[in-house]
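# Inside the fold
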Amino acid sequence: MTSPIMKTLACAALAAGSTLAAAQQSNVTIFGVLDVGVQRIKNGSKTLNLESIDGLQTSRLGFRGTEQLGGGLSASFHLEGAIGPDTGAGGDWRRRATVSLASKDAGELRLGRDYTPTFWNISRFNAFGTNGVGAASNLVYGFDGASGTAKTVIRSDNSVGYFLPDGLGGVYGQAMVAAGEGSTGRYVGARLGYAGNGLDVALGLSETTNTLAGDKFKVFNLGGSYAVGALKLLGLVHNSKQTTREQKNYVIGAHYNVGSGIIRVSHVNAHSRNTANGEDYTGKLFAVGYVHQLSKRTSLYTTLSKVNNSKTGRFLIPGGSAIALGDDSNGIEAGIYHSF
Amino acid sequence: MTSPIMKTLACAALAAGSTLAAAQQSNVTIFGVLDVGVQRIKNGSKTLNLESIDGLQTSRLGFRGTEQLGGGLSASFHLEGAIGPDTGAGGDWRRRATVSLASKDAGELRLGRDYTPTFWNISRFNAFGTNGVGAASNLVYGFDGASGTAKTVIRSDNSVGYFLPDGLGGVYGQAMVAAGEGSTGRYVGARLGYAGNGLDVALGLSETTNTLAGDKFKVFNLGGSYAVGALKLLGLVHNSKQTTREQKNYVIGAHYNVGSGIIRVSHVNAHSRNTANGEDYTGKLFAVGYVHQLSKRTSLYTTLSKVNNSKTGRFLIPGGSAIALGDDSNGIEAGIYHSF
Amino acid sequence: MTSPIMKTLACAALAAGSTLAAAQQSNVTIFGVLDVGVQRIKNGSKTLNLESIDGLQTSRLGFRGTEQLGGGLSASFHLEGAIGPDTGAGGDWRRRATVSLASKDAGELRLGRDYTPTFWNISRFNAFGTNGVGAASNLVYGFDGASGTAKTVIRSDNSVGYFLPDGLGGVYGQAMVAAGEGSTGRYVGARLGYAGNGLDVALGLSETTNTLAGDKFKVFNLGGSYAVGALKLLGLVHNSKQTTREQKNYVIGAHYNVGSGIIRVSHVNAHSRNTANGEDYTGKLFAVGYVHQLSKRTSLYTTLSKVNNSKTGRFLIPGGSAIALGDDSNGIEAGIYHSF
């Protein structure tokens, strides 16, 4: 009782030799990722075994499409929601839900729920992205309640974004404002970068009105990567700040291609301070992993990661038991990534 | 890693010249709308700026398909759910979830969650439909708790519907009953209309058991439109009643095509009374807007709307701050509509 | 504004005569079921009329696809969620959300949320499957809180499953372990069967850690079917046990093909005991139904079912009013099933 999808008329037109007719059809692309594995997290002396998800990329389902309007103008939409294949969770489109109007010369105007400009440096310029036990985001997102609760560390509701067009000699950039709608979450941010000759560098800046009292959550980050032969080096500085609290993160890492595999290593140094109560602690994450590509769409992977905290540190790899101040956090995982 | 969808066998059959083979394939159509804009609502002296959605049509995602069973008989399904692109909300199919058995001669039997017959006159016979700051439904739905809480003003769960077949000389019609399932929400309603020569008129009637005590929520509406050249005139009378409360709404409006654009104007007069407590107030909505069609699938639009209340009136354009009795409500919005 | 889906390039390749090109495209299949009907449930003297769903098969929406990796290896995904067409409910993928790596020779490794091995005997070896008023599962699932609350009677979160490959002379089988993740729900189970020459028999066994105290919920079942001409006979023994409570179920049934229709009959005998409090009661279900196939994808159906309880019995057909000990439960339904 299955029913794959097609547009018979467009197909008939093609069969009759008319490529043009098909090109004028509207179309929707379905895409997604399922990424499931097994994971062991040891926080202090407590070990927890889990079926883990999203070790390489976040599991998702999405629909997108673009309509050419003529004269270099196009309209497009993008709907994408997270899936939890361990429990079957899903249903919303909170990874991204946007409509865009774009011009080849003038750039793209994008409205809806979208990634914030400042997110992209965290994602692009560390060796494990923002997924799995080795991700730098495990420490970066740990900014003691502030970044964790800011609605705009990764994405923002109610956003209006602008993206520079292609063809600026490698320069790329985007800016976003998001309405607070009389509550918290008002965001203003931008990202500017350059990519060319194996080099990719970008700067991000943002300010979010994070409390009803008007406290600002501020992010600054600067990251880059450089690819030479089989090797890619990555580095990132990421600072978060809100009133008396501040966290600085330094991330370095590398990818090394070996046949159809990629070896990944990363080191993160995070330093959190709060001048209001004297809190001052650090955490270091070291991760190493291997991705074996069975095809462009399917990979097996494994990652080993260790977080060492200073005496009062509370950084951890998420998913395990609660951690005591100063305890180490260890994670190991192996999984299957499949995209469509 | 994208994967557009197709039925290779059906396509291969077409390539081989067999249109029949493809016509016998089952098929699913994906469709939807993303509509996002910016909006300013001023209720009394309080102004709120928002990223708005659904200013022209409601954002949605849906799947539908029809199977020809032979002899003029067909089976079909329709799944459609609302999307909130400002926040990524979505997931259910509460706009419509139905399965149908239809005969060319005898009409369509439809089961599931569907629009009520009485809804369609509100939607079809006013210039702004039921979307955006200018919609007559902003006043019609405001029936002081009764219509707002009746489960059947727009749609009904648990419905069994019947639709007249085509080919009745322009006469169309539908009837619906919906099970209360031992609770509230039992609905009985019908709509009968005629369309031809630019004229479209329809009458709707319904009764919903709206409380456990058995109170009936009753709707009567009569609407019509007449298109002549670039002009289309629209008019609607819509009455809602429950026990001692009653609201009468008179709506007139027009569409005027200008090149690839449409100018829209609408005026609504709503009168709400409750003989139990002497409440008696009116509200008037005046709206004007412009839709610029970039293509059949994509438009830009803007609408300006103003609601004037009588001394104790409480009608408003939704989405803004709370309103005080008698205050005016003002809305302005501009947005992008894109369908697929 | 509809947009059926296609991959124009793949289609163009086919039109040009290249079947190979299309076969290498990734693809996603959309599939689903909508099944809606009307139902009357009479428990004791209380009757309730409902719009019912899932009388023949559970309403659902799903996406799935397979990627050939070469050398007999393949990766695949399966996302499937329930839909409630009576109310438009839906959104998650809790029917199944899995990613698989499979080898023609070595079998399939499957991770995610999936059916438990022990579920399949309940589903396959009774005449009404697990749907509608006549389903044996109406009694089987009634295991006084234990099977009802065990997370693994039908499916399990966090599972790792293994399936035997084809080509073992009719022998089939699967095993599953599921992580409790520090809470309840740890599952270990397996199913082994043989299918050939009209015969299909299978044995299932499982143990679930069902409480934080470590109580085990244990299932044993053995079922079979035998098809000869237009007749198919089905039988099942299904035992559930947890500490002092136990329920034994004996199910027999038949399908008889009459032209494009199927007559279905089933009898279930359930016996529930709890040695801790002396509870000891039985229930018998007798059901008869007819399915009229309008096509492979679309059917009309009706089912009549009666549950007789012993003096303190509390078995019932779900969906109606509460039942008093010893009362009978009666159900009748008719509906439309449509798949895509």
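For every chain, the first residue of the written sequence is number 1, and numbering continues from 1 along that sequence. A letter from A marks each chain and a number from 1 marks each ligand, given out in the order of writing. The predicted nature of this model means local features are confined to residues of pLDDT at least 70 and side-chain atom pairs, given and counted, to a pLDDT of 80 or more, with totals for whole chains, interfaces and linings taken over all residues. No hydrogens and no water enter the side-chain calculation; it runs on all heavy atoms of the structure.

In the nomenclature of an unreviewed UniProt entry, chain A corresponds to Porin from the organism Roseateles asaccharophilus. UniProt positions are given in the numbering used here, feature names are shortened, and annotations may be inferred rather than shown by experiment. Turning to chain A, the UniProt annotation filed under Subunit (unreviewed entry) states: "Homotrimer."

To qualify as a helix, a DSSP run of H or I must reach at least 4 residues; to qualify as a strand, a run of E must reach at least 2; elements of each kind are numbered from the N terminus. Across its full length, chain A carries five helices and 17 strands. In terms of principal-axis extent, the alpha carbons of chain A reach across some 75 × 45 × 45 Å. Burial statistics for chain A: of 340 residues in total, 53% are counted as buried. When checking whether two residues touch, look at their non-hydrogen atoms; a contact exists if any pair is within 4.5 Å. The contacts in chain A between residues at least 6 apart in sequence include a share of 51% that link residues at least 24 apart. None of His or the chain ends enter the tally, which takes Lys and Arg as positive and Asp and Glu as negative. A charge is said to be at NZ when it belongs to Lys, at CZ for Arg, at CG for Asp and at CD for Glu. Positive and negative side-chain charges of chain A, numbering 31 and 23 respectively, have mean locations separated by a distance of 3 Å. Exposure classes here rest on a 1.4 Å probe applied to the protein chains alone. A residue is buried below 20% of its type maximum, exposed above 50%, and partly exposed in between.

Using only the protein atoms, space was sampled on a 1 Å grid; points where a 1.4 Å probe fits but cannot get out form cavities, open sets with protein on both sides within 12 Å along at least five of seven lines form pockets, and lining residues are those with an atom within 4 Å of a point. Grid points are joined across faces, edges and corners, and a volume is the space filled by probe spheres set on the points. Across all of its chains, the model carries three cavities of 30 Å³ or more by this definition. Considered as a void within the structure, the largest cavity measures approximately 210 Å³ in volume. Along the walls of the largest cavity sit 25 residues, with Gly91 and Trp93 of chain A, Trp93 of chain B together with Gly91 and Trp93 of chain C positioned nearest its centre. Residues of the lining of the largest cavity, tallied by class, amount to 15 nonpolar, seven polar and three charged. Looking at the second largest cavity, its volume works out to about 50 Å³. Ile122, Val153, Phe217, Val219 and His238 of chain B are the residues nearest the centre of the second largest cavity, which is lined by 12 residues in total. Counting only elements with at least two residues in the lining of the second largest cavity, the list comes to α3 (119-124), β11 (216-228) and β12 (231-242) of chain B. Three classes are used: nonpolar for Ala, Val, Leu, Ile, Met, Phe, Trp, Tyr, Cys and Pro, charged for Asp, Glu, Lys and Arg, and polar for all others, with Gly counted as polar. A per-class count over the lining of the second largest cavity returns six nonpolar, six polar and no charged.

Residue and element names in this part refer to chain C. For strand β1 (residues 29-43), the buried fraction is high: 12 of the 15 residues fall into the buried class. One ladder, built from five bridges, connects β1 with strand β3 (residues 60-70); its direction is antiparallel. Bridging from a neighbouring strand, isoleucine 30 pairs with phenylalanine 63 of β3. Here β1 pairs with strand β17 (residues 329-339) via 11 bridges, running antiparallel. Looking at the pairing, arginine 40 lines up with isoleucine 332 of β17. Note: β1 against strand β2 (residues 46-53), eight bridges, orientation antiparallel. Bridge pairing links isoleucine 41 to leucine 48 in β2. Between any two strands, pairing holds if DSSP finds at least two bridges.

A few words now on the nonpolar core. With 54 residues, the main nonpolar core has Phe63 of chain A, Phe63 of chain B together with Phe63 of chain C as its most contacted residues. If we skip the residues at most four places from it in the chain, phenylalanine 63 of chain B touches Phe63 of chain A, Val28, Thr29, Ile30, Phe31, Phe77, His78, Leu79 and Trp93 of chain B together with Ile30, Leu61 and Phe63 of chain C. Only buried residues count toward a nonpolar core. Its members are Ala, Val, Leu, Ile, Met, Phe, Trp, Tyr and Cys residues joined through side-chain atoms within 4.5 Å.

Stacked, tilted and edge-to-face are the three classes applied to pairs of Phe, Tyr and Trp rings, where Trp contributes its six-membered ring and a pair requires centres within 6.5 Å; stacked means planes under 30 degrees apart, edge-to-face means over 60, and tilted covers the rest. Under the defined criterion, the tally for this structure stands at 21 aromatic pairs over all chains. Ring centres of tyrosine 115 of chain A and tryptophan 120 of chain A lie 4.8 Å apart, and the angle between their planes is 45°; this geometry places the pair in the tilted category. As far as burial versus exposure is concerned, tyrosine 115 of chain A and tryptophan 120 of chain A are alike and both buried. These aromatic residues form a ring-pair network of at least three members: Phe63 and Trp93 of chain A, Phe63 and Trp93 of chain B together with Phe63 and Trp93 of chain C. The criterion for a charge sitting over a ring is simple: Lys NZ or Arg CZ within 6 Å of the ring centre, and within 35 degrees of the ring normal. The ring of phenylalanine 31 of chain A carries the charged tip of arginine 64 of chain A above its face, separated from the ring centre by 4.1 Å.

The predictor attaches a confidence to each residue, and that confidence, scored 0 to 100, is pLDDT. Taken over all residues, the pLDDT of chain A has a mean of 90, while the share at 70 or more is 91%. As a predicted assembly, this complex carries a pTM of 0.92 together with an ipTM value of 0.90.

What follows deals with helix α3 (residues 117-124) of chain A. Of all eight residues in α3 of chain A, seven are buried; the element is thus mostly enclosed. Those residues of α3 of chain A that fall on the buried side of the exposure criterion are Pro117, Thr118, Phe119, Trp120, Asn121, Ile122 and Ser123 of chain A.

We now examine the side chain of aspartate 86 of chain C. Position of aspartate 86 of chain C relative to the elements: it lies in the loop between β4 (73-82) and β5 (96-103). No salt bridge is formed by the buried aspartate 86 of chain C, whose closest oppositely charged neighbour, arginine 94 of chain B, lies at an N-O distance of 8.1 Å. Residues within four places of aspartate 86 of chain C in sequence aside, it is in contact with Gly112, Arg113, Asp157 and Asn158 of chain B together with Glu51 and Ile53 of chain C. Salt bridge, as applied in this entry: a Lys or Arg side-chain nitrogen positioned within 4 Å of an Asp or Glu carboxyl oxygen.

Let us now look at a nonpolar patch on the surface. All names here are of chain A. Together, Tyr162, Leu164, Leu168, Val171, Leu192, Tyr194, Leu199, Val201, Tyr226 and Val228 make up an exposed nonpolar region whose accessible area comes to about 780 Å². When residues of the nonpolar patch are traced back to their parent elements, those giving at least two are β9 (186-196), β10 (199-209) and β11 (216-228). When you line up the elements, tyrosine 162 lands in strand β7 (residues 155-163). Only residues whose relative accessible area exceeds 30% and that take part in no salt bridge are eligible for patches, with like-charged residues grouped when within 9 Å of each other and nonpolar side chains (Val, Leu, Ile, Met, Phe, Trp, Tyr) grouped when within 5 Å. Surface accessibility in these figures is a Shrake-Rupley result with a 1.4 Å probe; residues are shielded only by whichever protein chains are displayed.

So, about a positive patch on the surface. Residue and element names in this part refer to chain A. Together, Arg186, Lys216, Lys218 and Lys241 give the surface a local cluster of positive charge. Position of lysine 241 relative to the elements: it lies in strand β12 (residues 231-242). A relative accessible area of 41% means that lysine 241 is categorised as partly exposed.

Under the counting rule described, the total for this entry stands at 28 salt bridges over all chains. Between lysine 306 of chain B and aspartate 328 of chain B there is a salt bridge whose closest N-O contact spans 4.0 Å. With lysine 306 of chain B in strand β16 (residues 298-309) and aspartate 328 of chain B in the loop between β16 and β17 (329-339), this residue pair connects regions lying 22 residues apart in the sequence. Arginine 110 of chain C is the partner of glutamate 108 of chain C in a salt bridge, and the nearest nitrogen-oxygen pair spans 2.8 Å. Comparing glutamate 108 of chain C with arginine 110 of chain C, the two get one shared label, buried. Within this structure, Arg96, Glu108, Arg110 and Asp114 of chain A form a network of salt bridges that share partners.

Turning our attention to the environment of histidine 255 of chain C. All names here are of chain C. Along the polypeptide, histidine 255 turns up in strand β13 (residues 245-258). Separated by 25 residues in the primary sequence, histidine 255 and alanine 230 place their C-alpha atoms 8.0 Å from one another. Ignoring any residue separated from it by four or fewer positions in sequence, one finds histidine 255 in contact with Ala127, Ala230, Leu231, Lys232, Leu234, Ile262, Ile263 and Arg264. Only 2.8 Å separates the side chain of histidine 255 from the backbone oxygen of alanine 127, close enough to count as a polar contact. Definition of a polar contact: a pair of N or O atoms within 3.5 Å, with one able to donate and the other able to accept a hydrogen when the atoms are protein atoms, and with sequence-neighbouring residues admitted only if both atoms are side-chain atoms.

So, about unusual backbone geometry. The phi torsion at glutamate 181 of chain A lies on the positive side, around 50°, for a residue other than glycine. Positioned with a positive phi, aspartate 54 of chain C is a non-glycine residue whose angle comes to about 70°. Within the secondary structure layout, aspartate 54 of chain C lies in the loop between β2 and β3. Residue classification places aspartate 54 of chain C among the buried residues on the basis of a relative accessible area of 15%.

For the rest of this paragraph, the subject is the pairing of strand β4 (residues 73-82) of chain B. Residue and element names in this part refer to chain B. Counting buried positions along β4 gives eight out of 10 residues, so the element sits mostly inside the fold. The pairing of strand β3 (residues 60-70) with β4 spans 10 bridges and is classified as antiparallel. Residue phenylalanine 63 lies in a different strand from β4, and its bridge partner there is leucine 79. In this structure, the hairpin formed by β3 and β4 is closed by a connection of two residues, where glycine 71 is found at a positive phi of approximately 65°.

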